[in-house]
Amino acid sequence: MVDVSHIFDGLNDAQRDAVALEPGPALIIAGAGSGKTRVLTSRIAWLVEGLSISPLSILAVTFTNKAAREMQHRIEEMLGVPVGGMWMGTFHGLAHRLLRHHYDEAGLPKDFQIIDNDDQLRLIKRALKELALDEAYWPAKQIQWFINAHKEEGRRAAQVSQSPDLQQQTLLGVYQQYEKLCRRFGLVDFSELLLRAFELVRNNEVLRQRYQQRFEHILVDEFQDTNSIQYEWLRLLAAQHKNLFVVGDDDQSIYGWRGAKVENILQFEKDFPNTRTVRLEQNYRSTGNILAAANAIIKRNSGRLGKKLWTDDGDGDPVNLYNAYNETDEARFVIDRIRDWVNKGGERAQTAILYRSNAQSRVFEEILLDAAMPYRVYGGLRFFERAEIKDALAYLRLANSRVNDVAFERIVNTPTRGIGNTTLDKVREHAQAQQISLWEATGQVLAQKSFAARAHSALDAFVELIEELSLQITDQNLPTQIGIMLDVSTLLEHHKKDRGERAQARAENLEELVSAARNFSVEDEELGPLDSFLAHAALEAGEGQAEEWEDCVQLMSLHSAKGLEFDMVFLTGLEEGLFPHQRSIDEPGRLEEERRLCYVGMTRAMKHLYLSHAEVRRLYGRENHTRPSRFLDEIPEEMLNVIRAARPSPRSNSYSNSSSNYSQKKSNAPAALADTLPGFGVGKSVAHPKFGEGVIMNIEGQGDYARVQVNFSSAGAKWLVAAYANLSVV
DNA sequence: GTTGTGCGCTTTTTT
DNA sequence: AGCGCACAAC
């Protein structure tokens, strides 16, 4: 018998129960910070080592590439060997793998290509054009949403129920047209990956049985984020062995707005009647006070599965609440706290500034820049989403598959080579009339010699260029291919000769693409290196910046903070209309999702949690007076340490001026306090006309806004504004 | 075909 | 306020 005790070492009882559950359907309700990933990886280790299940028979699914990598890494660490052959990855990645293996059965061309949201939008715009619909009345974005929502519910255009509503009919028409275009150009969008993979398994009996048999054990992370099609796919694959081990937390479901169904958790127990449920409720992350405050918030939600996190740790600091005058004051407060933290030896990377919407990062960035404090903002444009990178890849895509109209449209005049809209419209018209690709149409139109000489030669040169590129890259290795493409397309040259800062950055990105190719290892044996790289670029957009390991303050939206933890967390902008967001306030379901978001944010904090709101916030160029978020009312007062703003907000001044001003004032704080409150200090005994005698426990702020916490012998602890409290030294 | 101007929009994000 | 996009002028 292999010794498997190392798998269980250091796990608590509930975690052990979960890891060692008998095969069969299992639902693990894993609270924030309860060791979810650890349970998941230990479970896989247990299957392999304890039950001698072959890694080949295991399917493990996550939502993000990052989570997949992390899981892979941890399992290999635990088992001490690479887990080759195990199907582990994101839903989309696995669906892609399936479709590459069985493209024929799935009704796809061998060289089908994945398009991202951006490409999808372009294609929808084209469909709109072909149907002669005005984009002003039919916003492409909305149609994109419409199409994806249907696909993620498993409905193709033909399966959407007919509606007497004219608008619905039009939307459906665009959906149909879009499907046609995808089919014609061999393109697959993200939801299509899921839908197609689902249909493949559902409709093809041979394959279904094969995979049902193969995947003896299926494990799913972040189950609360699965949408309908993902769940159906899992159900289908698990139908034979029924060993579906899902881990999730209904309280952390924050993606309902993009189709995730928390209800899948409830549905799971119905679909698999003998499901064993394990709750992981011991939190190893946050202090008692932080947890208590988070629990107080989340308990307001209805229809929860019911779970109460607890911790063995001490109470720790109270949760701090700062009422700022405006967003600048809020930012200064936050950065001052971080500075204190760093001065006391804390790491910047262990501090996170969280916000509801990305626009809020701006003020923090300005103040951080001013304070010369390194920071990193998450959630910008990612590497493979940058326009210049997408241009470059489009050259390769077109060289690879001439029918790819999305790639064609993207680069036919990028960089500009004298092919204008008039010329292109003729090509487009011809393509549509003949139902052929733009590439083919170009050839035919050129053969007709119907263009003016200038347009003709420009178009001809483009065709030559792509042919030349295609020729030159055959039998080259991937980085060389990229290099040739940058050269032949003149893309790099084009950006390099522009001296502007942005253009320089673009040129650098293009050069970075060569290194990305050099570091790339082929993920799918089925594909050649170039195809594999192109699929990788679509499926994994890559991090925003090159990995910087500098010790940085972390700035991100609440959504991107899920799954992370920090010593010190600032949850900012807690104002009605901002958080909860205006668009979620009227609908109870959406409001509850906002509340979960708040819960997620709070439970990111390990030791220190600061909540803040601004009384005035400038948003979209307008100043708004705000009300504190209702979520703040939901935290019992005694759990909060309320800090008032130190002084009224400076009206104007540049940031640098007012900032240095501020820090000066701050360093003078003890003097200011002494001015206002001579003889006062922590530990001093004071008397209050109403509450009697007590001892000063704490002092916050300076000058007129200073507040003191006095523990009165009769009335207990109170926070008082020093200027008005009429205290006297005893 | 490129460059400039004005208008409208503005939650969250992964694949 | 700031950005992207569409249309109009050069």
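Scroll up for the structure.
Computed from a predicted structure; not experimentally measured. (Residues numbered from 1 in each chain as written. Chains lettered and ligands numbered in written order. Predicted model: local features only at pLDDT ≥ 70, side-chain atom pairs only at ≥ 80, totals over all residues. Heavy atoms only, no water.)

Regarding empty space enclosed by the protein
Worth spelling out the cut-off: Whether a set of points on the 1 Å grid over the protein atoms alone is a cavity depends on a 1.4 Å probe fitting there but being unable to get out, while an open set qualifies as a pocket with protein on both sides within 12 Å along at least five of seven lines; lining residues are those with an atom within 4 Å of a point. Grid points are joined across faces, edges and corners, and a volume is the space filled by probe spheres set on the points. In this description a helix means any DSSP run of H or I spanning at least four residues, a strand means any run of E spanning at least two, and both kinds are numbered starting from the N terminus.
Throughout the structure, instances matching the rule amount to six cavities of 30 Å³ or more. In this structure, the largest cavity encloses a volume near 80 Å³. Around the largest cavity sit Ile 115, Asp 119, Lys 390, Leu 393, Ala 394, Arg 397, Asn 404, Val 406, Ala 407 and Arg 410, which together line it. For the lining of the largest cavity, the secondary structure elements donating two or more residues are helix 16 (387-400) and helix 17 (405-411).

Thoughts on the protein's contact with DNA strand C
Worth spelling out the cut-off: The cutoff for a nearby residue is simple: one of its non-hydrogen atoms must lie within 4 Å of the molecule or strand. Classification used: nonpolar for Ala, Val, Leu, Ile, Met, Phe, Trp, Tyr, Cys and Pro, charged for Asp, Glu, Lys and Arg, polar for all others including Gly.
Around DNA strand C sit Glu 135, Arg 362, Tyr 620 and Gly 621, and those are all the residues in its vicinity. In the interface set of DNA strand C, defined as its atoms within 4 Å of the protein, sugar plus phosphate atoms amount to 50%. Taken together, the residues that form the surface near DNA strand C break down as one nonpolar, one polar and two charged.

Regarding helix 12 (residues 263-271)
Basically, it comes down to this: Note on exposure labels: buried denotes an accessible area under 20% of the residue type's maximum, exposed denotes more than 50%, and partly exposed covers the range between, all computed with a 1.4 Å probe on protein chains only. This arc is taken over the directions from the axis of the helix to the C-beta atoms. The criterion used for residue contact is that any of the two residues' heavy atoms lie within 4.5 Å.
Residues Asn 264, Ile 265 and Phe 268 constitute the buried set of helix 12. On an axial view of helix 12, the arc spanned by its buried residues comes to 105°, and they lie on one face. If you follow the buried residues of helix 12, they end up packed against strand 1 (26-30), helix 11 (228-237) and strand 7 (244-248).

Notes on the pairing of strand 2 (residues 58-62)
Inclusion rule: When DSSP finds at least two bridges between two strands, those strands are taken to pair.
Burial of strand 2 is extensive: five of the five residues sit out of reach of the surface. In strand 2, alternate side chains face the same way, and those of Ile 58, Ala 60 and Thr 62 on one face and Leu 59 and Val 61 on the other are all buried. Across four bridges, strand 2 lies against strand 6 (residues 217-220) in parallel orientation. Along strand 6, the bridge assignment pairs Ala 60 with Leu 219.

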